[in-house]
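Topology and contacts: notes
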Amino acid sequence: MTKKEQGFLYDDKIIYGYTLLNLDFVKPIKDCNQGCDNVTKYVCFDCEMNQIQNKYNAIYTDDCEWII
């Protein structure tokens, strides 16, 4: 997915009117073995992806942003 004229190209279509997803609800998982850290509040990508996909039908862009 790449930016194209204020939209994102995704599956051969340009997505306009997207909203960047606020990630404040994503929290580190205590029993994660992939790298979450409860002390620094770091969330590994696997846990981030699982939490977001359980709550939203979001798309992850090439710019490392979640959009809805």
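Preceding this section is the structure that the text describes.
Quick caveat, the model's predicted, so the values are computed rather than measured.

Observations concerning helix α1 (residues 45–55)
- Among the residues making up α1, those that are buried are Cys47, Glu48, Gln51 and Ile52. Looking straight down α1, one finds its buried side chains confined to an arc of 125°; they lie on one side.
- Close packing links the buried residues of α1 with β5 (66–67).

Thoughts on the packing of aromatic side chains
- Using the criterion set out here, one finds four aromatic pairs in the structure.
- Their ring planes at 55° and their centres at 5.7 Å tell us that Phe25 and Tyr56 sit as a pair that is tilted. Of this pair, Phe25 sits in the loop between β3 (13–15) and α1 while Tyr56 sits in the loop between α1 and β4 (59–60), and the two are 31 residues apart along the sequence.
- According to the relative accessible area criterion, Phe25 is partly exposed, its value standing at 23%.

Let's talk about the pairing of strand β2 (residues 7–10)
- Here β2 runs beside β3; their pairing, made up of three bridges, is antiparallel. Counterpart to Leu9 in the pairing with β3 is Ile14.
- In this structure, the hairpin formed by β2 and β3 is closed by a connection of two residues, where Asp11 is found at a positive phi of approximately 50°.

Regarding a nonpolar patch on the surface
- On the surface, a nonpolar cluster with roughly 250 Å² of combined accessible area is contributed by Leu9, Ile14 and Tyr16.
- Summarising the element assignment, Ile14 is placed in strand β3.

A closer look at the environment of Tyr56
- The class of Tyr56 is partly exposed, set by a relative accessible area of 30%.
- Taking the C-alpha atoms as reference points, Tyr56 and Ile68, twelve residues apart in sequence, are found 7.6 Å from one another.
- Leave out the neighbours within four places in its chain, and Tyr56 touches Leu21, Phe25 and Ile68.

Cut-offs used in this document
- Residues numbered from 1 in each chain as written.
- Predicted model: local features only at pLDDT ≥ 70, side-chain atom pairs only at ≥ 80, totals over all residues.
- Heavy atoms only, no water.
- Buried < 20%, exposed > 50% of the residue type's maximum accessible area, 1.4 Å probe, protein only.
- Helix = DSSP H or I, 4+ residues; strand = E, 2+ residues; numbered from the N terminus.
- Arc of directions from axis to C-beta.
- Contact = heavy atoms within 4.5 Å.
- Phe/Tyr/Trp six-rings, centres within 6.5 Å; stacked < 30°, edge-to-face > 60°.
- Pairing = 2+ DSSP bridges.
- Patch = residues over 30% accessible without salt bridge, like charges linked within 9 Å, V, L, I, M, F, W, Y side chains within 5 Å.
- Areas by Shrake-Rupley, 256 points an atom, 1.4 Å probe, with all protein chains shown as cover.
- Salt bridge = Lys/Arg side-chain N within 4 Å of Asp/Glu carboxyl O.

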